[in-house]
Each structure stands twice: as C-alpha cells, then as structure tokens.
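# Summary of the model geometry
One letter stands for each residue in the lines below.
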Amino acid sequence: MKSMNPTPQFIQIYQAQAEHIREELLSGLRASKAHTSPKYLYDELGSKLFEAITCIPEYYPTRTEALIFSSHGHDMARQVPKGSVFIDLGAGNCEKAAKLFNVFHPARYVAVDISVDFLKGSLECLQRQFPELEMSGVGMDFSSELNLPAGLALNPAQPRVMFYPGSSIGNFTPEEALLFLKQVHAVCSTATGGGLLIGVDLVKSKAVLEAAYDDALGVTAAFNRNMLLHFNTLAGTNFQLEDWKHIGLYNTELNRIEMHLEALRDVVVTWEGGQRQFVEGERIHTENSYKWTLTGFEDLLKRAGFLACKAYTDPDQKFAVFWVQA
C-alpha cells in the first residue's frame, strides 16, 4: 500500500561542485569580454523571478506554448507512449509537466533542475497533488553533460519521454544544441517508443523579441541583475546592484536575443585573490536565446539522430512544440 503522504526520491549532485563552479564563474569574469552561463540566473530567487516573467504581457513564449498544448494535446497523446518515464529537463516549478499528466499518463515523473532548493519544494508540493504517481528529482547541471544518475534505477525496457519546454534549447549555440540533442537521443533511445517533446521559439520581428526580453515593468531586468547577487554567493565577489543595468537586444545576424549587464559607471569588482575593473558602458554577457525556423530545427533534430518529426504551432507561428521519436 502506498503512503498517504509520499515523499519523492531526490538525488542531489550539483552542489558538490562548488569549487568548480567558482572557477567557472571567475574565468568568465576575467575574460577580455566578460561572460557567464545563463544557468546561473536560476538560484531560488531567480527561479521565482522567471515565474513572474512568464506572466508579463510582453513575454509570449509561455502562454503561446500553453495554447499549443491545449490545442494539440490530444493529437500529441496519440504519439507519446503511455506508461513512460517522463523526464522533465529544467523542471523549475514543475507546473508545465503537471498540466500534461492527465494527457500523457506517465508511469513515473523525473524532474531535473539546477536550482536544487527550488526544485525540492516544487516536487514535494506536486507529489501531494499526485500521490499515485512515482516521482523523483535530480539536482544537477545538464547543460554540459546529460548523464542521469544510476540511483534513479530507470527500467531500461520502459519508454523514456524527455520533456524540454519553454525554448531553453535557445540558450545553446547551434553547435552546442546539436551535441546536447545527441545526448538526449542517447538517453531516450533505450526502449521502443521513447522520444523528445521540446519547445522552440521561432524567428519573428525584432520589436516583438526585444520587448519580450526587456519588459516595461522591469521584471526581466530584475531577473538578470539578480545574477550578480548569485555571483556574490557562489564566487565571493562584491557586485553592487546599483552599478549595473539590464540590456536586452536582438542580434539579427545570429538570430538570437542577447542579455547583458552594463556598468553604469567605472567599477572594480573584487574577490579573494583577484579583481576586475569595468569601465562605464562595459558589459557582462549573461544569456543568448537563439530563435529557429521550423525547417532549420527539424534538420537539427534529424542530425541528432531523431526520426518521425512532428511540429505543432500556434496560428501566428510564434512558437513550436516538436515531438520526435528516438
């Protein structure tokens, strides 16, 4: 008999790498053109700020993706195998996956996210809502290597559905995206019927894109600037929020949104054993979000080894959800 108050299994492998994380951050800070990975936007506060971003009028991806699932969910359910292990990459608050449980009827849910504390709270809340569904959480950074821990004890004969919504694939360069999708293919090709359900933001006007990443209310600016506080925690730096402003712009040549933090004045950032001087107007590159065409992303999926590709879009083709079999 199952417990009336089930507790999800949780495997934490991310926070054990603290010294490696610090060196990665400081290496980017010391570079001639300072940069950092967008994964460091997502501490607990950053994750909550991103939740708020999804509610602002200018940020279309979340509501457009939800419209696609609402409009095409039943057709997707004919493609996606029932009784699968539903592996949610970048799960966050787990809400997107939770809305699909009654559509896809998975046998097990595995939530993966870099924000360990935020994921724990989200998954424990979700388990209370769905006490009959076996759940596991993995606190890990999968951006450079997707290697699920053996402790999950996944059944090799059970289909694996990898779920990567919200256009996070855009944070990878096209070359990085291909390597990542090859790793995803390797994970979900262990049993017949497995595949990938992935959200992709499509190319559109510069005005629409820049408004989505630099909203009038300033929520995206707060999200980006919060990274400086996360930097201070992880790397021991002394960033001051009042010294920096948010920049969101669309690079038309590379089909990508870029987010930067720009120094408002000359400033010296210090940490134990080092420092970096920034002059007024100098930037730290914090995120890229590449935009794709339908044919361009379908070709990328095929190059990664996937088959039987099917794309679902909204009427204005702002966004797409792809289902591809492994």
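Criteria and thresholds
- Residues numbered from 1 in each chain as written.
- Predicted model: local features only at pLDDT ≥ 70, side-chain atom pairs only at ≥ 80, totals over all residues.
- Heavy atoms only, no water.
- Helix = DSSP H or I, 4+ residues; strand = E, 2+ residues; numbered from the N terminus.
- Rg over C-alpha atoms; globule rule 2.2 N^0.38 Å.
- Buried < 20%, exposed > 50% of the residue type's maximum accessible area, 1.4 Å probe, protein only.
- Contact = heavy atoms within 4.5 Å.
- Areas by Shrake-Rupley, 256 points an atom, 1.4 Å probe, with all protein chains shown as cover.
- Lys, Arg positive; Asp, Glu negative; His and termini not counted.
- Charge placed at Lys NZ, Arg CZ, Asp CG, Glu CD.
- Pairing = 2+ DSSP bridges.
- Axes fitted to C-alpha atoms, helices over the stretch in contact; angles between N-to-C directions.
- Polar contact = N/O pair within 3.5 Å; in protein donor to acceptor, adjacent residues only side chain to side chain.
- Salt bridge = Lys/Arg side-chain N within 4 Å of Asp/Glu carboxyl O.

## Some points on the overall build of the chain
Helices and strands together make up the secondary structure of the chain, namely 10 helices and 13 strands. Against the globule reference of 20 Å for 326 residues, the chain gives a C-alpha radius of gyration of 20 Å, in line with a compact fold. Its C-alpha atoms put the chain at 60 × 45 × 35 Å along the principal axes. By the burial criterion, 54% of the 326 residues in the chain qualify as buried. Sequence-distant contacts in the chain: of pairs separated by 6 or more residues, those separated by 24 or more amount to 70%. Working note: accessible area of the chain is about 14500 Å², and carbon and sulfur atoms make up 51% of it. Positive and negative charge centroids in the chain, built from 29 and 38 side chains respectively, lie 5 Å apart.

## Considerations on the sheet that holds strand β8 (residues 256-263)
Ordered in space as β7-β8-β11, the 3 strands form an open sheet in which the pairing is antiparallel. Looking along the sheet, the strands with just one partner apiece sit at the ends: β7 (244-251) and β11 (283-290). The mean inter-strand angle of the sheet, taken between neighbouring strand axes irrespective of direction, is 20°. Direction of pairing for β8 relative to β11: antiparallel, over a ladder of 7 bridges. Looking across to β11, one finds that isoleucine 257 is bridged to serine 289. Packing of helix α9 (residues 219-235) onto the sheet brings it into contact with β7, β8 and β11, and relative to β8 it is tilted by some 60°.

## Observations regarding the sheet that holds strand β3 (residues 108-113)
Paired through their backbone hydrogen bonds, the strands of a sheet run either parallel or antiparallel. An order of β1-β4-β3-β2-β5-β6-β13-β12 is seen for the 8 strands of this open sheet, with the pairing classed as mixed. Each having just a single partner strand, β1 (9-12) and β12 (307-313) make up the two edges of the open sheet. Averaged over all neighbouring strand pairs, the angle between strand axes comes to 15°, with direction disregarded. Bridge analysis of strand β2 (residues 85-89) against β3 gives 5 bridges, and the strand direction is parallel.

## What to know about the pairing of β7
Counted residue by residue, β7 has 6 buried out of 8 residues, so it is predominantly covered. Relative to β8, β7 is paired through 8 bridges, and the arrangement is antiparallel. Directly across from leucine 249, in β8, lies its bridge partner glutamate 258. Turn length for the β7-β8 hairpin, with the two strands adjacent in sequence and antiparallel, is 4 residues, and the turn residue asparagine 255 shows positive phi of about 55°.

## Here we look at the environment of arginine 283
On the secondary structure map, arginine 283 appears in strand β11. The spatial distance from the C-alpha of arginine 283 to the C-alpha of histidine 260 is 6.0 Å, given a sequence separation of 23 residues. Beyond its immediate stretch of four places on either side in the chain, arginine 283 contacts Ala34, Ile247, Leu249, His260, Leu261 and Glu262. At a separation of 2.8 Å, a polar atom in the side chain of arginine 283 contacts the side chain of glutamate 262.

## Considerations on the pattern of salt bridges
Taken as a whole, this structure holds 16 salt bridges when the rule is applied. Here aspartate 75 ties to arginine 78 by a salt bridge, and the two come within 3.0 Å at their closest N and O atoms. In this pair, aspartate 75 and arginine 78 are both assigned in helix α3 (residues 61-79), 3 residues apart and thus about one turn of the helix distant. Here aspartate 75 falls in the buried class, since its relative accessible area comes to 19%. On the accessibility criterion, arginine 78 (63% relative accessible area) is exposed. Here glutamate 262 makes a salt bridge to arginine 283, at a shortest N to O gap of 2.8 Å. One end of the pair, glutamate 262, is in strand β8; the other, arginine 283, is in strand β11, with 21 residues separating them in the sequence. Here glutamate 262 falls in the buried class, since its relative accessible area comes to 13%. Exposure remark for arginine 283: the relative accessible area of 33% places this residue in the partly exposed category. Each of Glu24, Lys39 and Asp141 takes part in a single network of salt bridges with overlapping partners.

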